[in-house]
Amino acid sequence: MRGRGVWIGAALVAAGACAGPETNQMQALAEQYVKLVLAVGQHDADYVDAFYGPAEWRASAVKRPLADIDAEAAAIAAKLAAAPPDGADPLVKLRHRYLTRQLEALRTRVAMLGGKRLTFDEESKALYDAVAPHHDAAEFEGVLAQLEQLLPGSGTLLDRYTRFRDAFVIPPNRLDATFKAAIDACRRRTLAHVDLPPGESFTVEYVTNKSWSGYNWYQGQYRSLIQVNTDLPIFVDRAVDLACHEGYPGHHVYNVLLEKTLVRGRGWPEFQVYPLFSPQSLIAEGTANFGIEVAFPPADRLKLEREVIFPAAGLDAAGAARYYSVMGLVDRLSYAGNEAARRYIDGEIDAAGATAWLERYGLYATVRAQQRLRFIDQYRSYVINYNLGKDMVAQYINARSGGDVSQRWPAFTELLSSPRLPSGLAVGGK
Ligand SMILES: [Zn+2]
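Residues numbered from 1 in each chain as written. Predicted model: local features only at pLDDT ≥ 70, side-chain atom pairs only at ≥ 80, totals over all residues. Heavy atoms only, no water.

Asks: Please set out the sheet that holds strand β4 (residues 223-229) residue by residue, giving values where relevant.
Replies: Strand order across the open sheet formed by 3 strands is β2-β4-β3, with mixed pairing between neighbours. The sheet terminates laterally at β2 (201-207) and β3 (214-220), the two strands that pair on one side only. Strand-to-strand, the axes of this sheet are offset by a mean angle of 20°, without reference to chain direction. Two strands pair when backbone bridges link them, and β2 and β4 are joined in this way by 7 bridges, in the parallel orientation. By the bridge assignment for β4, Phe202 is matched with Ser224. Across the sheet, helix α11 (residues 251-264) lies against β2, β3 and β4, angled at about 20° from β3, the strand it touches most. (Pairing = 2+ DSSP bridges. Helix = DSSP H or I, 4+ residues; strand = E, 2+ residues; numbered from the N terminus. Axes fitted to C-alpha atoms, helices over the stretch in contact; angles between N-to-C directions. Contact = heavy atoms within 4.5 Å.)

Here is the structure:
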């Protein structure tokens, strides 16, 4: 499913050949880290999200005891701490900090696999370098009251919202054409601002029986496999959201730029592996979600929906403006999903309670709440990477572009090309 590993040996040898002893040590430690991530993957099928280094590294990864993996991670971390980067290259400093922090997250995941229990917030801090703000139920009531005004009628608000939204489902026989139109628009918009290497591309597959709605499997050589889950009907807003999030300028572009800049450009092997339960995921999901707005600010988005996406889906474009004003409000309920997950993981509510929370405060239809609960069971505090990640990335990019929407692309592209940590996104962060 994830493709065969492709070794970009020439670039790495060239980088190592002219390097000093500190660099050689970093290269060796980075390679050890990659192999350690693969070793954790022997215990945790979800852990290795992407790997495109030497195929023999994965092939030779035997199942090692968790205690051995932890001890080696601690040893690598100690060597890193004893060898802080010299010189002024900011990317080298980011690299050192990134590797150190990724190893801490790896050790946490190993401890969890060994049975260690963490609270939701402890886990997100350790794995994703961030803690999501807490919200009371009352904080969502104001948004729900506004939706009551927009969606009058009989039945509960969830019933009315569900009926309203059902009119905006993409018919299955138009799904592929609608996605292709969205991908084409997102790609063209991204290429106008980001210099992507020739040959980059991805394929799209439609799959079922997954807890997620879409997934990017990066395969190296500037290629991705994007899977779209068709278990439930797909609403029209998901076309551009998924095309941007999974493709342009989201996950596909992020992985392509890391390969281009850090793996091939610098010869750094650690970026050929992507451990899912690590700080890198907050950057990945945050940039993928904020990237939707970078590519299509609200007015541009509405124009695209009216002129291209709604017609491709066979929907009446006259309804687009109202649909997006409702969805804009519903989006403000996204942190209700974090609350449901936090209370559920911390044992304050059971599965039925979490489903009820998602329905009441997140306006998830019952089948969607159940799918979301499956996601929470599988990925736990990972949920914060989407909304908190987006907000942290937005704040970082907006601070660097002076609030000028047209100036976001350079800062966004730079973030996609560097190993920055979530804690480094804060104003004044390193
Ligand atoms: Zn994603």
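After presenting the structure, the write-up continues.
Asks: Before we move on, can you summarise unusual backbone geometry with the specific residues and values?
Replies: Note on backbone geometry: most residues besides glycine have negative phi, and most peptide bonds are trans. Note that the residue after Tyr248, namely Pro249, is joined by a cis bond; omega there is 5°. Residue position: Pro249 is located in the loop between α10 (237-247) and α11. With a phi angle near 55°, Leu363 is a residue other than glycine that sits in the positive phi range. Judged by its relative accessible area of 6%, Leu363 is buried. (Buried < 20%, exposed > 50% of the residue type's maximum accessible area, 1.4 Å probe, protein only.)

Asks: Describe the pairing of β3, naming the residues involved and giving the relevant values.
Replies: Counting buried positions over the 7 residues of β3 gives 6, a clear majority of the element. Note: β3 against β4, 6 bridges, orientation antiparallel. In the sheet register, Gly220 faces β4, and the bridge partner there is Arg223. Adjacent in sequence and paired antiparallel, β3 and β4 are bridged by 2 residues, among which Gln221 carries a positive phi angle near 60°.

Asks: Please provide a residue-by-residue account of helix α19 (residues 408-416), values included.
Replies: In an α-helix there are 3.6 residues to a turn, and that puts residues three or four apart on one side. Counted residue by residue, α19 has 7 buried out of 9 residues, so it is predominantly covered. Within α19 the residues assigned to the buried category are Arg408, Trp409, Ala411, Phe412, Thr413, Leu415 and Leu416. Residues of α19 that are buried make contact with α9 (175-191), α11, α12 (280-295) and α18 (384-400).

Asks: Run through the coordination of the zinc ion, naming residues and quoting values.
Replies: Taken together, the protein ligands of the zinc ion are His245 (NE2), His251 (NE2) and Glu285 (OE), with distances of 2.0 to 2.1 Å. Judged by its relative accessible area of 8%, His245 is buried. Take Glu285: its relative accessible area is 6%, and that puts it in the buried class. (Donors = N, O, S within 2.8 Å, 3.2 Å for Na, K, Ca; no water.)

Asks: Mind laying out the pattern of salt bridges, listing which residues take part and the relevant values?
Replies: Counted by the stated rule, this structure contains 26 salt bridges. Among the ionic pairs, Glu339 bridges to Arg342, the shortest N-O distance being 2.8 Å. Separated by 3 residues within a single helix, Glu339 and Arg342 lie in helix α15 (residues 334-345), roughly one turn from each other. On the accessibility criterion, Glu339 (2% relative accessible area) is buried. What makes Arg342 buried here is its relative accessible area of 4%. A salt bridge links Arg343 to Glu339; the shortest N-O distance between them is 3.4 Å. Of this pair, Arg343 and Glu339 both sit in helix α15, separated by 4 residues, roughly a single helical turn. One salt-bridge network, held together by shared partners, links Asp121, Glu339, Arg342 and Arg343. (Salt bridge = Lys/Arg side-chain N within 4 Å of Asp/Glu carboxyl O.)

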